[in-house]
Amino acid sequence: MSAATTTLVPFEDVLATYDPALGLEVHVELNSATKMFCGCPTEFGADPNTQVCPTCLGLPGAMPAVNRKAVESAIRIGLALNCEIAEWCRFARKNYFYPDMPKNFQTSQYDEPIAFEGWMDVTVPTEDGEVETYRVEIERAHMEEDTGKSLHVGTSGRIHGADYSLVDYNRAGIPLIEIVTKPIVGAGARAPEVAKAYVAQLRDLIVALGVSDARMDQGSIRADVNLSLAPKGSGVLGTRTETKNVNSLRSVERAVRHEMQRHAAILGGGGSILQETRHWHEDTGVTTSGREKSDAEDYRYFPEPDLVPVAPSREWVEELRGTLPENPTQRRARLQAEWGYSDLEMRDTVGAGALTLVEETIAAGTSPAAARKWWLSELARRANDAGVELPALGVTPTQVAAVQALVEGGSINDKLARQVFDGLIAGEGTPEEVVEKRGLAIVSDEGALSEAVDDAIAANPDVAAKIRDGKVAAAGALIGAVMKQMRGQADAGRVRELILEKLGS
Amino acid sequence: MPEIPGANGPDGQVAITREEVAHLADLARIDLSDAELDHLAPQLAVIVESVASISGVAGDDVPATSHPLPVTNVFREDVVVPGLTAAQALAAAPASEQQRFSVPRILGDEQ
Ligand SMILES: [Zn+2]
């Protein structure tokens, strides 16, 4: 298929004519030690075909056996998404031919998912700092297995035109939970943001549950984005396209926006949408045609005869419910109330990925305001400059608390604290050691300070005259001069006092 | 679960059309000639008819089942079991390269 695209309709024009409907299918790769149906390990990045056995290679006579932990994780995900948990369900064979599935079928669940009929409230920030909440209905969460990885060898490097493919089955059989939403309608212009926020919150929930590495960049969370447009106010659902493997939060938003604009262009030109899968191109931000769905959808599902049904007792389900962590939304609300942050401050904290860091810094004795100040202004900027996530910057909550304690104890000021952070990032030891090694402690020697103030007054007679005339605001210039001479290592408040004393104001 | 194509129930009237066989052959990636389709359709009809006759024995009080034994919840603990080495895994492969299974150019699209 060519990457040539239809001319897109401006986003605002799409909304004037159409209502979008979203649907998201998110695959979560579980972090169990072994695969779904065999005891092979699941480590990421192992040498090709070193984590395989007769079962996950689909060799004749091999028998699958269900991983208990994977079922537990599936139930916990279902419960966290407010789903019903099936009293009885089966695995099914999804038959298709593709070399990354050595059995020629994928063991999945068909019309009997382990979890169904749930919901998640998704919050999207508005421009005025408030939040809007959308309830996303969850249709189902079911258990299945991942496929192998193909490397296409040939002139183009792409799947079409490949001369042959090389397959690594290490990933084949790793437990996957597929979470499918019902159509999300009514989001209008917020549809791209709602899609992104849903995946982000789902990822946070998965992290809180501890059931997956939840790394979109490594494919342990993968999103397929369904989108359709219907004439505005019609209340119907249009024909949808399914954009596969959108692997970053930003791309989820971009893919929805792009498909809305592309659908509108086709519909507006009198065309109709082909129900098909589409491929997302991260580099160009467009989708291209994959395959038509109608025919290929015929997977001839039938119950897996080699696996007995899963019938979780209600006692087991309740026991697992007892292991659920605090819901991320509730946690945020609780922390915001405890810390007294505004909605905007809270949103920035969450957005910077600093929530847990701030929480731990506060637990180490720092005030909520100071913890936020250091993490969001100083350290977030440095992480951004270094192109790393905040937790990878190399500064711990305990260190931030120690730096703040030094500030409050008067041994350094905010400006010197920034240099302490330089030292911490450079691995120069504890905050106290950095202060010592770099000689950053504030000079509290009154004699030296007094001398510096005298020098500043002598060097700036005009300013000094103004202050003598009562223009106290002019003291700033002299304070600056003194601080410069002291290389920042002075208490600016004390400097001001000394200046005013000496000039009799 | 989907119905068996052409299985019309206990009365034994079964028809498998040539188009159904062509569709199934397509799904199974089997290239059948027109003559083979004509030949296979009635044969498959007989097989399905024979299987369908079992439905006549089961009354309404016998639920459809996928497993003969009333066993549920057979689980394996999440403990690593040594599998095959890459050399063992690839020993039966018709061709391999870069420690991977080498397979023919993929004609269909990704699933
Ligand atoms: Zn295996």
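As the structure is a computational prediction, the values presented were derived from the model and not from experiment.

Visitor: I tried to follow the packing of helix α7 (residues 328-339) of chain A against helix α9 (residues 355-363) of chain A on my own but got confused; where do I start?
Guide: A packed helix pair is summarised by two numbers, namely the angle formed by the two axes and the spacing between the axes. All names here are of chain A. Running from N to C, α7 and α9 cross one another at 40 degrees; their axes reach a closest spacing of 12 Å. When the axis of α7 is compared with that of α9, the two are oblique. For α7 against α9, the interelement crossing comes out left-handed. Of the residues in α9, those in contact with R331, R332, R334, L335 and W339 of α7 are L355, T356, V358, E359 and I362. Its residues assigned to classes, the contact of α7 with α9 shows five nonpolar, one polar and four charged.

Visitor: Is there a simple way to explain the interface of chain A and chain B in this structure?
Guide: Accessible area lost when the parts come together is the quantity often used to give the size of an interface. Counting residues at the interface gives 65 residues for chain A and 41 residues for chain B. Remark: the boundary between chain A and chain B carries one salt bridge. The salt bridge involving R68(A) is made with E77(B); its shortest N-O contact spans 2.7 Å. Inspection of the chain A/chain B interface yields 24 residue pairs in polar contact (both at pLDDT 80 or more). At the level of elements, β2 (66-67), α2 (68-80), β8 (149-153), β9 (164-168), β15 (286-292) and β16 (302-303) of chain A are the ones that each hand at least two residues to the side of chain A that touches chain B.

Visitor: Teacher, can you tell me more about the packing of helix α15 (residues 461-468) of chain A against helix α17 (residues 492-503) of chain A here?
Guide: Residue and element names in this part refer to chain A. Their axes nearest at 9 Å, the elements α15 and α17 cross at an angle of 75 degrees. With respect to their mutual orientation, α15 and α17 come out roughly perpendicular. Residues A464, I467 and R468 of α15 pack against I499, L500 and L503 of α17. Among the residues forming the contact of α15 with α17, the class breakdown is five nonpolar, no polar and one charged.

Visitor: Explain helix α13 (residues 431-438) of chain A here, please?
Guide: An α-helix turns once per 3.6 residues; consequently, residues spaced three or four apart project the same way. Residues and elements named next belong to chain A. Here α13 has its buried residues at P431, V434 and V435. For α13, the angular spread of the buried residues around the axis is 100 degrees, confining them to a single face. Opposite the buried face of α13, at more than 90 degrees from it, the exposed residues are E436 and K437. On its buried face, α13 is in contact with α11 (397-408) and α12 (414-425). Two residues or fewer after α13 comes G439, characterised by a positive phi angle close to 60 degrees.

Visitor: Can you help me understand the nonpolar core in this one?
Guide: Buried together is how nonpolar side chains tend to be arranged in soluble globular proteins. Residues and elements named next belong to chain A. Counting residues in hydrophobic clusters, the biggest one holds 72 residues, and the most contacted among them are I114, I179 and Y198. With 11 residues, the top contributor of residues to this core is helix α3 (residues 191-209). Every residue in contact with I179, bar those within four places of it in the chain, is listed here: L24, E25, V26, V28, I77, L81, I138, R140, A141, Y198 and L202. The next biggest cluster of nonpolar side chains, apart from the first, holds 31 residues, and it includes Y341, A371, V435 and L440.

Visitor: Before we go on, may I ask you to explain the coordination of the zinc ion in this structure?
Guide: By definition of the ideal shapes, a tetrahedral metal site with four donors has angles of 109.5 degrees and an octahedral site with six donors has angles of 90 or 180 degrees. All names here are of chain A. The protein atoms donating to the zinc ion are C38 (SG), C40 (SG), C53 (SG) and C56 (SG), with metal-donor distances spanning 2.3 to 2.4 Å. Taken together, the four donor atoms coordinating the zinc ion span angles of 99 to 115 degrees at the metal, a pattern that classifies the geometry as tetrahedral. Spacing between the donor residues of the zinc ion along the chain follows C-x1-C-x12-C-x2-C. Taken together, the positions of C40 in the loop between β1 (18-29) and β2 and C53 in the loop between β1 and β2 put the pair 13 residues apart, joining distant regions of the chain. Residue C40 shares its accessibility class with C53, and that shared class is buried.

Visitor: Honestly, the sheet that holds strand β2 (residues 96-97) of chain B in this entry has me stumped. Any pointers?
Guide: Backbone hydrogen bonds are what pair the strands of a sheet, in a parallel or an antiparallel way. Strand order in the open sheet made by the four strands is β8(A)-β9(A)-β3(B)-β2(B), with antiparallel pairing throughout. Looking along the sheet, the strands with just one partner apiece sit at the ends: β8 of chain A together with β2 of chain B. Relative to strand β3 (residues 100-104) of chain B, β9(A) runs antiparallel, the two sharing four bridges. Across the sheet, residue L166(A) finds its bridge partner in β3(B), namely S102(B).

Visitor: Explain the sheet that holds strand β5 (residues 105-108) of chain A here, please?
Guide: Judged by pairing direction, the sheet is antiparallel, and its three strands sit side by side in the order β5-β4-β16 (chain A) without closing on themselves. For this open sheet the edge positions go to β5 and β16 of chain A, each flanked by a neighbour on one side alone.

Visitor: Just to check I follow, could you spell out the pairing of β3(B) for this structure?
Guide: One face of the sheet, then the other: side chains in a regular strand alternate in exactly this way. Residues and elements named next belong to chain B. Within β3, four of the five residues are buried, which leaves it mostly tucked inside the rest of the structure. Summarising the sheet, β2 and β3 pair through two bridges and their orientation is antiparallel. Within β3, the residue paired with E97 across the bridge is R100. Between the antiparallel neighbours β2 and β3 lie two residues, among them Q98 with a positive phi of about 50 degrees.

Visitor: What is the right way to read the packing of aromatic side chains from this model?
Guide: By convention here, two paired aromatic rings are described through the distance between centres and the angle between planes. All names here are of chain A. A complete count under the given rule lists eight aromatic pairs over all chains for this structure. With a centroid separation of 3.9 Å and 20 degrees between ring planes, the pair formed by Y110 and Y301 is classed as stacked. Here Y110, found in the loop between β5 and β6 (115-125), pairs with Y301, found in the loop between α5 (293-296) and β16; they are 191 residues apart in sequence, far enough to count as distant. Classification of Y110 as partly exposed rests on a relative accessible area of 30%. One aromatic cluster is present, formed by Y96, Y110, Y299 and Y301 through successive ring pairs. The ring of Y299 is capped by K94, whose NZ or CZ atom sits 4.5 Å from the centre of that ring.

Visitor: Mind showing me how you'd approach the pairing of strand β10 (residues 175-181) of chain A here?
Guide: Residue and element names in this part refer to chain A. The buried count for β10 comes to seven of seven residues, which makes it a mostly enclosed element. The two faces of β10 match: P175, I177, I179 and T181 on one face and L176, E178 and V180 on the other face are all buried. Where β1 and β10 come together, five bridges link them in antiparallel fashion. Bridging across to β10, E25 finds its partner in V180. The pairing of strand β7 (residues 131-145) with β10 spans seven bridges and is classified as antiparallel. Counted as the bridge partner of R140 is V180 from β10.

Visitor: What is the right way to read a negative patch on the surface from this model?
Guide: All names here are of chain A. Taken together, E127, D128, E130 and D343 make up a surface patch of like negative charges. If you trace the backbone, D343 turns up in helix α8 (residues 343-351). On the accessibility criterion, D343 (37% relative accessible area) is partly exposed.

Calculation notes
- Residues numbered from 1 in each chain as written.
- Chains lettered and ligands numbered in written order.
- Predicted model: local features only at pLDDT ≥ 70, side-chain atom pairs only at ≥ 80, totals over all residues.
- Heavy atoms only, no water.
- Axes fitted to C-alpha atoms, helices over the stretch in contact; angles between N-to-C directions.
- Helix = DSSP H or I, 4+ residues; strand = E, 2+ residues; numbered from the N terminus.
- Parallel < 35°, antiparallel > 145°, perpendicular 65-115°, else oblique.
- Left-handed = near helix turned anticlockwise from the far one by under 90°.
- Contact = heavy atoms within 4.5 Å.
- Nonpolar A, V, L, I, M, F, W, Y, C, P; charged D, E, K, R; others polar.
- Salt bridge = Lys/Arg side-chain N within 4 Å of Asp/Glu carboxyl O.
- Polar contact = N/O pair within 3.5 Å; in protein donor to acceptor, adjacent residues only side chain to side chain.
- Buried < 20%, exposed > 50% of the residue type's maximum accessible area, 1.4 Å probe, protein only.
- Arc of directions from axis to C-beta.
- Core = buried A, V, L, I, M, F, W, Y, C linked by side-chain atoms within 4.5 Å.
- Donors = N, O, S within 2.8 Å, 3.2 Å for Na, K, Ca; no water.
- Tetrahedral: all angles 85-135°; square planar, octahedral: opposite > 155°, others 65-115°.
- Pairing = 2+ DSSP bridges.
- Phe/Tyr/Trp six-rings, centres within 6.5 Å; stacked < 30°, edge-to-face > 60°.
- Lys NZ or Arg CZ within 6 Å of the ring centre and 35° of its normal.
- Patch = residues over 30% accessible without salt bridge, like charges linked within 9 Å, V, L, I, M, F, W, Y side chains within 5 Å.
- Areas by Shrake-Rupley, 256 points an atom, 1.4 Å probe, with all protein chains shown as cover.
- Lys, Arg positive; Asp, Glu negative; His and termini not counted.
- Charge placed at Lys NZ, Arg CZ, Asp CG, Glu CD.

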